[in-house]
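# Close look at the chain arrangement
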Amino acid sequence: MGEISEQVNQKNALGWAASDTSGLLSPFTFSRRATGEKDVTFKVMYCGICHSDLHMLKNEWGVPTYALVPGHEVVGVVTEVGSKVEKFKVGDKVGVGCMVGSCCSCDNCANNIENYCRNYILTYGAKFYDGTITYGGYSDVMVVDEHFVVRIPEKLPLDATAPLLCAGITVYSPLRFYGLDKPGMHVGVVGLGGLGHVAVKFAKAMGVKVTVISTSPNKKKESIEHLGVDSFLVSRDQDEMQAAMDTMDGIIDTVSAPHPLLPLIGLLKSNGKLVLVGAPEKPLELPVFPLLLGEHNVGIVGRKMVGGSNFGGMKETQEMLDFAAKHNITAEIELIPMDYVNTAMERLLKADVRYRFVIDIANTLKSSS
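Model, not experiment: these values are computed from the prediction.

Okay, helix α5 (residues 167-177) next. Of all eleven residues making up α5, nine are buried, and the element is well covered by its neighbours. Those residues of α5 not exposed but buried are Ala167, Gly168, Ile169, Thr170, Val171, Tyr172, Ser173, Pro174 and Leu175. Its buried side turned inward, α5 meets β10 (186-190), α6 (194-205), β13 (248-253), β14 (268-276), α11 (314-326) and β19 (356-360). Following α5 by one or two positions, Gly179 adopts a phi angle in the positive range, close to 70 degrees.

What follows is the structure in structure tokens.
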């Protein structure tokens, strides 16, 4: 009887999904589970478009699951809570990021880094506990265990906050973990896109000196005048890069396309840290000697670290949002209707967005689309 009851109480949902590696999205009807005793159900208001959505849609990471409803920068308003939910009530503004589940019993889960749990469950395109496939935020309703839901601070606008649930935590977490958050430090940010511009905002709020490293000279004016960076390097300008060698305590590399790491390693001081948060579909070449000894003939000093960082755990994600509210940090967004999403993906492929697309789900996702 319990199974029959649960099927009866399932929620009809509408989203946009891709059915194959073309990545083309179109309207898709499906079911969400009934609100469980620890679940929060919320109406989706906005959902950000992440570059990883594009990789997943086209199966560039080799994890095909179709139909695929993307979206892991999801914000909305609570419409129903389960009988044992303690943290949220109807009417609360909430968000869901990159995961909707984990084992909740391993060391990583116990230490609030559920994002490194071996069994964490991605918000979309993953297998849930019951064997069903998870569907993301390009949809009108979400049902998520309260542990994987965060509260959106009242002063933050929902639309421009949505990208913080992936882009924001993906850069905030390594700044904190790798100790690149100390006032007076010098941190480079590679790539001024969806992740990069938010990294600049967080680093500046932490009191860090920030240099943007970009292949696009035309982003210099915007970086300095609008985002307040301290300096700007054109990575293809050998003279500029040479002059900046051995000056940075750390670098957050947000680029998700293949690119050389040696020039970036050269910018670091000894003990400097290059942290990769972008996810190119092809392996990057990592030269070892510059990490060990340096290359003195070209002025590179040794003892460098190259690390990586995933998004963040739930406790840190909430901390990031509270920090963002305190310092008035939001993403720079272009708000789009649902039926513009395929065009947005084409533009994203060409980096033609300043700096994050956000879908106006509540106002433009219609059953007649």
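Further remarks concern the environment of Gly95. Mapped onto the elements, Gly95 comes out in strand β5 (residues 93-96). A sequence separation of 181 residues divides Gly95 from Leu276, and the C-alpha atoms of the two residues are 25 Å apart. Leave out the neighbours within four places in its chain, and Gly95 touches Val74, Val75, Phe148, Val149, Val150, Ile152 and Leu165.

Using the criterion set out here, one finds one cavity of 30 Å³ or more in the structure. Its boundaries defined by the atoms lining it, the largest cavity holds a volume of some 90 Å³. Lining the largest cavity are 13 residues, with Gly97, Cys98, Leu165, Met314 and Thr317 positioned closest to its centre. Sorting the residues of the lining of the largest cavity by element identifies β5 and α11 as the ones contributing at least two each.

Conventions and cut-offs
Residues numbered from 1 in each chain as written. Predicted model: local features only at pLDDT ≥ 70, side-chain atom pairs only at ≥ 80, totals over all residues. Heavy atoms only, no water. Buried < 20%, exposed > 50% of the residue type's maximum accessible area, 1.4 Å probe, protein only. Helix = DSSP H or I, 4+ residues; strand = E, 2+ residues; numbered from the N terminus. Contact = heavy atoms within 4.5 Å. 1 Å grid on protein atoms, 1.4 Å probe; cavity = no way out; pocket = protein on both sides within 12 Å on 5 of 7 lines; lining within 4 Å. Points joined across faces, edges and corners; volume = space filled by probe spheres on them.

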